[in-house]
Amino acid sequence: MTDKHKTTEGYIFDYGGTLDTGGCHWGRRIWHAYERAGVPVGEELFREAYVYAERELARNPIIQPDYTFRKTLAVKLRIEMEYISDRQPGFDAMRWQGAVLDILYGQTKEETAKSKAVLVKLKERYPMALVSNFYGNIATVLQEFGLDSFFQSIVESAVVGVRKPDPRIFTLGVEALGMKPEEVTVVGDSYDKDIIPARKAGCRTIWMKGEGWTDNEPENMTAADMIIGKLDELI
């Protein structure tokens, strides 16, 4: 268990859903972009397509290390919309992909700019690491959004071969900081993939609670030492 009386000496941040969406699950963020663009598809079929695309990207080395976030997102949307097109006659994937991509990329630029302002302040006092389930191109994405100078270490699932919710990926982050687990605070948006495993790894935890993939609350919320709604609450 963590010692709540210890002072935080370093931070570990999640990336997707934390630094790039302000706590909103990416599935929900994409769905809202579909709604805004007027994409003619129901939420149930969209959810199937989203899960399918995520699994395809996890199983196959489609995303290359030099892919920008915009290119990564374009690939993800293409896979989703092709899935929808195969199941909904008359759905024109090519018509909608660009509109949704533009909405999402603009929102991501805004959110990462907000996160950057917070990280600038935190870096003055704390060493920081990034622990992320990503596709092998997180370094390219961080550079794209000007976030590449804040983390002294990056632990990326596609590189280290360990994925959240395995607590070992947070242990790797702690080791990269050269600290004890109880000295490190983990900040993430996913209760199941960030907060619970980080606590199991012995870290302190801050849950950035936003719009989740479902509306269900975690059954046991004792793994979070603190709950925030916006990243700037850290400063």
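Residues numbered from 1 in each chain as written. Predicted model: local features only at pLDDT ≥ 70, side-chain atom pairs only at ≥ 80, totals over all residues. Heavy atoms only, no water.

A. Layout of the overall build of the protein chain. Within the protein chain, the secondary structure is distributed over eight helices and six strands. Counting from the amino terminus, helix and strand elements in the protein chain follow one another as β-α-α-α-α-β-α-β-α-α-β-α-β-β. Dimensions of the protein chain, computed from C-alpha atoms along their principal axes, come out at roughly 60 × 40 × 30 Å. The long-range share in the protein chain, meaning contacts at least 24 apart out of those at least 6 apart in sequence, stands at 66%. Split by element, the accessible area of the protein chain, about 11400 Å² in all, is 48% carbon and sulfur. Separation of charge centres in the protein chain, based on 30 positive and 36 negative side chains, amounts to 2 Å. (Helix = DSSP H or I, 4+ residues; strand = E, 2+ residues; numbered from the N terminus. Contact = heavy atoms within 4.5 Å. Areas by Shrake-Rupley, 256 points an atom, 1.4 Å probe, with all protein chains shown as cover. Lys, Arg positive; Asp, Glu negative; His and termini not counted. Charge placed at Lys NZ, Arg CZ, Asp CG, Glu CD.)

B. Fine view of the layout of surface pockets. Of the voids in this model, the largest pocket is the one considered here, and its volume is about 1200 Å³. Every residue lining the largest pocket is counted, 41 residues in all, and those nearest its centre are His25, Tyr50, Asp189, Ser190 and Lys193. Ranked by residue count, the leading element in the lining of the largest pocket is helix H2 (residues 43-59), at six residues. Taken together, the residues of the lining of the largest pocket sort by class into 14 nonpolar, twelve polar and 15 charged. (1 Å grid on protein atoms, 1.4 Å probe; cavity = no way out; pocket = protein on both sides within 12 Å on 5 of 7 lines; lining within 4 Å. Points joined across faces, edges and corners; volume = space filled by probe spheres on them. Nonpolar A, V, L, I, M, F, W, Y, C, P; charged D, E, K, R; others polar.)

C. Representation of the confidence of the model for the protein chain. Looking at the protein chain, the pLDDT average stands at 95 and 97% of residues meet or exceed 70. Confidence drops under pLDDT 50 across residues 1-5; counting only partners more than four residues distant or on other chains, this segment forms nine contacts. (pLDDT = per-residue confidence, 0-100.)

D. Layout of the sheet that holds strand S5 (residues 204-208). Ordered by their spatial adjacency, six strands build an open sheet running S3-S2-S1-S4-S5-S6, and the pairing between neighbours is parallel. Among the strands making up the open sheet, the edge pair consists of strand S3 (153-156) and strand S6 (226-228). In this sheet, adjacent strand axes meet at a mean angle of 20° when their direction is disregarded. In terms of strand pairing, strand S4 (residues 184-188) meets S5 through four bridges, oriented parallel. Paired with Val187 across the bridge in S5 is Ile206. Running over the sheet, helix H7 (residues 168-177) touches strand S1 (10-13), strand S2 (128-132), S3 and S4 and is turned about 160° from S2. Its contacts with the sheet put helix H8 (residues 191-200) on S4 and S5, and the angle it makes with S5 is roughly 165°. (Pairing = 2+ DSSP bridges. Axes fitted to C-alpha atoms, helices over the stretch in contact; angles between N-to-C directions.)

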